[in-house]
Every structure is written in structure tokens, then in C-alpha cells.
Amino acid sequence: MKRKWNWPIWVGFVVVVTGLFSYGFFVRFPTTRDFPWANLLLFGIGAALLIVGLFRAFGRPQVYRGKIFGSIFTAIAVLVVAFFSYGIFYVVRQVPASAGAPRIGQKAPDFILLDQNKKPIGLGDLLSDSRAVALIFYRGFW
């Protein structure tokens, strides 16, 4: 009897590798920039498919193939997820804050920018009318 192709192993491995290389795409959007939930979701889906494929390969080896490749792909997928997690959750957090950046609660230096009507307006002008000003920095594509 010819054994069947164990597709969850192959698809799961491709989904895990896609989760690794899609980080550059997802970082463009504000909802996925600060926390890589989309990549972690892809890793979870890929891991679930790999586990299903391994259960099929080891549970019914006379029907499904994939004992060797499934084990190798699962080990590589675990290393890929570990590498990604180490880089995102540990290495990036070790980068020190900029020396010239203002601290929380520190008074901002006076500056002049153009408003939506192309008129110059300074921080001192805004503070003269009220006690506080909220500065919002948006890292996005305009």
C-alpha cells in the first residue's frame, strides 16, 4: 500500500518560515509595529499544523509519511521561533534610550513648526494660551 502525502507538515513549515520573513511587511502598519502579534499568530498556526502532521506520521506510519522530514522541519521551526523571539523580545529591549531624548515629565525645548495652513507656530505660543500642550508623534506614512 502506498503511503499518503502528509500535507500538514509541509504547510506548517512554510507558514512558520512565512511568519519569520513577513516581519518586514507587518512592521509597516501601526497595529503590528509595536508588538508582532501577526507573526506570532503565523508561528502558532504553523506549529499547530506541524504537530498535527507529526501525530499523523507517528500515529499511523503505514498510512502517512513524514516521520523523518516532520521531525527535521519541526526542529527547524522551533529554532526559527526561538531566534525570532530572542531578537524581538530580548535584543531589541537591550538597546539604550537616546542620550538626547527628553525624559518623561521633562520640559520640552521651544521649537517652531508649520501648522496645517503652513503658518509657523512655536511651542511657546501654544503654552501662552494654556497650561499644557499635548505633543503627539505619529510614525506613519502620510
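Residues numbered from 1 in each chain as written. Predicted model: local features only at pLDDT ≥ 70, side-chain atom pairs only at ≥ 80, totals over all residues. Heavy atoms only, no water.

A.B. asks: For this particular structure, what's the right way to read the nonpolar core?
C.D. replies: A general feature of soluble globular proteins is that nonpolar side chains tend to end up buried together. In this structure, Ile-9, Phe-13, Val-16, Phe-43, Leu-50, Ala-57, Phe-73, Ala-77, Val-80, Phe-84 and Ile-88 together form the largest nonpolar core, which totals eleven residues. Only α1 (7-21), α4 (37-59) and α5 (67-91) provide two or more residues apiece to this core. Apart from residues lying up to four places away in sequence, Phe-13 is in contact with Leu-50, Phe-73, Ile-76 and Ala-77. (Core = buried A, V, L, I, M, F, W, Y, C linked by side-chain atoms within 4.5 Å. Buried < 20%, exposed > 50% of the residue type's maximum accessible area, 1.4 Å probe, protein only. Helix = DSSP H or I, 4+ residues; strand = E, 2+ residues; numbered from the N terminus. Contact = heavy atoms within 4.5 Å.)

A.B. asks: Hey, could you run me through α1 in this one?
C.D. replies: Along an α-helix, residues three or four apart share an orientation, since each turn contains 3.6 residues. If you check α1, its first and last C-alpha atoms are 21 Å apart, about what 15 residues at 1.5 Å a residue would give, namely 21 Å. Taken together, the buried positions of α1 are Pro-8, Ile-9, Gly-12, Phe-13, Val-15, Val-16 and Gly-19. Seen from one end, α1 has its buried residues packed into an arc of 160°, which puts them on one side. Of the exposed residues in α1, those oriented more than 90 degrees away from the buried face are Val-14 and Phe-21. Structurally, α1 contributes buried residues whose contacts are with α2 (23-26), α4 and α5. (Expected span 1.5 Å × (residues − 1). Arc of directions from axis to C-beta.)

A.B. asks: I keep staring at the packing of aromatic side chains and nothing clicks. Help me out?
C.D. replies: The relative placement of two aromatic rings is captured by the distance of their centres and the angle of their planes. Following the criterion strictly, the structure yields ten aromatic pairs and no others. Considering the side-chain rings of Tyr-23 and Phe-84, the 5.6 Å spacing of their centres and the 75° angle between planes classify their relative orientation as edge-to-face. Here Tyr-23, found in helix α2, pairs with Phe-84, found in helix α5; they are 61 residues apart in sequence, far enough to count as distant. Judged by relative accessible area, Phe-84 falls into the buried class, the value being 5%. Look at Phe-35 and Phe-89: their rings are 5.8 Å apart centre to centre, the planes differ by 45°, and that puts the pair in the tilted class. With a gap of 54 residues between them, Phe-35 in the loop between α3 (30-33) and α4 and Phe-89 in helix α5 connect regions that are remote in the sequence. Owing to a relative accessible area of 34%, Phe-89 belongs among the partly exposed residues under this scheme. A connected cluster of aromatic rings, assembled from ring pairs, spans Trp-10, Phe-13, Phe-69 and Phe-73. The cationic tip of Arg-56 hangs over the ring face of Tyr-64; the distance from NZ or CZ to the ring centre is 3.8 Å. (Phe/Tyr/Trp six-rings, centres within 6.5 Å; stacked < 30°, edge-to-face > 60°. Lys NZ or Arg CZ within 6 Å of the ring centre and 35° of its normal.)

A.B. asks: Which parts of the structure should I look at to understand the side chain of Thr-32?
C.D. replies: Tracing the backbone through its elements, the reader meets Thr-32 in helix α3. A polar atom in the side chain of Thr-32 sits 2.3 Å from the backbone oxygen of Phe-26. Look past the residues within four positions of Thr-32 in its chain and what remains in contact with it is Phe-26, Val-27, Trp-37 and Ala-38. (Polar contact = N/O pair within 3.5 Å; in protein donor to acceptor, adjacent residues only side chain to side chain.)

A.B. asks: Got a minute to help me understand the packing of α1 against α5 in this structure?
C.D. replies: For any two helices packed against each other, one specifies the inter-axial angle together with the distance between the axes. Orientation of α1 relative to α5, taken along the N-to-C sense of each, is 15°, at an axis distance of 10 Å. The angle between α1 and α5 places the two elements in the roughly parallel class. Handedness of the crossing formed by α1 with α5: left-handed. Two secondary-structure elements touch here, α1 through Ile-9, Trp-10, Phe-13, Val-16 and Leu-20 and α5 through Phe-69, Gly-70, Phe-73, Ile-76, Ala-77, Val-80, Val-81, Phe-83 and Phe-84. Grouping the amino acids of the contact of α1 with α5 by side-chain chemistry returns 13 nonpolar, one polar and no charged. (Axes fitted to C-alpha atoms, helices over the stretch in contact; angles between N-to-C directions. Parallel < 35°, antiparallel > 145°, perpendicular 65-115°, else oblique. Left-handed = near helix turned anticlockwise from the far one by under 90°. Nonpolar A, V, L, I, M, F, W, Y, C, P; charged D, E, K, R; others polar.)

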